[in-house]
2 protein chains.
Amino acid sequence: MQNQDSLDPAVAARLKRDEQGLVAAIVQQHDSGEVLMLGWMDDEALGRTLTTGRVTFWSRSRGEYWRKGDTSGHRQYVRSVALDCDGDALLVRVDQVGAACHTGTRTCFEAGGELDAVVGHRPDETAEETR
Amino acid sequence: MQNQDSLDPAVAARLKRDEQGLVAAIVQQHDSGEVLMLGWMDDEALGRTLTTGRVTFWSRSRGEYWRKGDTSGHRQYVRSVALDCDGDALLVRVDQVGAACHTGTRTCFEAGGELDAVVGHRPDETAEETR
């Protein structure tokens, strides 16, 4: 049984939670820079993530804490955690064992796939800088 | 005046929106892999992003569409857009002009800064694989 009050109050004070009490957690492979998945954390999930070396999410669909890899073996070992400027998003850099996605692909974005998108380019580097 | 119905219905059918009709959009610099920021998109913002080569968000705080860079000059040119496995997150790879964060730092996570975190390591590569 884990302590349900594991988050530093100074960090808790900086969070801007949604209606469900959650902030978004972007998970990135620390060395390759791959964006692996997006999960959700409440205060307790963030507290566990910051103090245990393993990533814990709040599962919105199952309504429970979910320590990544406990079932699948695809553990996420924490390397660093940063909060964004307005406190509603986390960047969690990890060492991901195996597939980050429950579908078996390395990232959840490979699983969902690319959408058709018009590619944009800055007009001209020099012109851009003098504007 | 832009069309308010710009998203392909086949893409719209795949989105799992929150109570406000939004999905999270992770923005990553396409070449360096830096995670720049997290924004939010409704169907219209995603439609505009997919069809114009520039990233448009829905601003939750201001309650309006917000094409990144129109005020600051810090434009985001779209290189690719992927949807995740369960349809509630987008990965938007861009060419970011200047600072992604309104505070003036390159990323919103530099602005917010690192939290104290215990670092985790996989126990042993060989042991891990035989478990």
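Residues numbered from 1 in each chain as written. Chains lettered and ligands numbered in written order. Predicted model: local features only at pLDDT ≥ 70, side-chain atom pairs only at ≥ 80, totals over all residues. Heavy atoms only, no water.

- In the nomenclature of an unreviewed UniProt entry, chain A is known as Phosphoribosyl-AMP cyclohydrolase of Isoptericola haloaureus.
- Annotation of chain A in UniProt includes, under Function (unreviewed entry), the sentence "Catalyzes the hydrolysis of the adenine ring of phosphoribosyl-AMP."
- A UniProt comment under Sequence similarities (unreviewed entry) is attached to chain A, and it reads "Belongs to the PRA-CH family." (UniProt positions renumbered as here; feature names shortened; annotations may be inferred.)

### A look at the overall build of chain A
Next up, step 1: For chain A, the count of helices and strands is four helices and seven strands.
Next up, step 2: Walking chain A from its N terminus toward its C terminus, one meets helices and strands in the order α-β-β-α-β-β-β-β-α-β-α.
Next up, step 3: Dimensions of chain A along its principal axes, counting C-alpha atoms only, are 60 × 35 × 30 Å.
Next up, step 4: Put simply, chain A has 131 residues, and 50% of those count as buried.
Next up, step 5: Long-range pairs, those at least 24 residues apart, make up 43% of the contacts in chain A with a sequence separation of at least 6.
Next up, step 6: Surface summary for chain A: the accessible area is close to 6,100 Å², and the carbon and sulfur share equals 47%.
Next up, step 7: Here chain A holds 15 positive side-chain charges and 22 negative ones, and the gap between their average locations is 6 Å. (Helix = DSSP H or I, 4+ residues; strand = E, 2+ residues; numbered from the N terminus. Buried < 20%, exposed > 50% of the residue type's maximum accessible area, 1.4 Å probe, protein only. Contact = heavy atoms within 4.5 Å. Areas by Shrake-Rupley, 256 points an atom, 1.4 Å probe, with all protein chains shown as cover. Lys, Arg positive; Asp, Glu negative; His and termini not counted. Charge placed at Lys NZ, Arg CZ, Asp CG, Glu CD.)

### Some words on the packing of aromatic side chains
Residues and elements named next belong to chain A.
Next up, step 1: For the structure on display, the rule yields five aromatic pairs over all chains.
Next up, step 2: Summarising the aromatic geometry, the rings of F57 and W66 are spaced 4.9 Å apart at their centres and angled 35 degrees between planes, so their arrangement reads as tilted.
Next up, step 3: Judged by its relative accessible area of 26%, W66 is partly exposed.
Next up, step 4: On the basis of an interplanar angle of 75 degrees and a centroid distance of 4.9 Å, the ring pair of W58 and Y65 is categorised as edge-to-face.
Next up, step 5: You can call Y65 partly exposed: its relative accessible area is 25%.
Next up, step 6: Positioned above the aromatic ring of Y65, the side-chain terminus of R48 is 4.4 Å from the ring centre.
Next up, step 7: For R54, the ring lying beneath its charged end belongs to Y77, and the centroid distance is 5.9 Å. (Phe/Tyr/Trp six-rings, centres within 6.5 Å; stacked < 30°, edge-to-face > 60°. Lys NZ or Arg CZ within 6 Å of the ring centre and 35° of its normal.)

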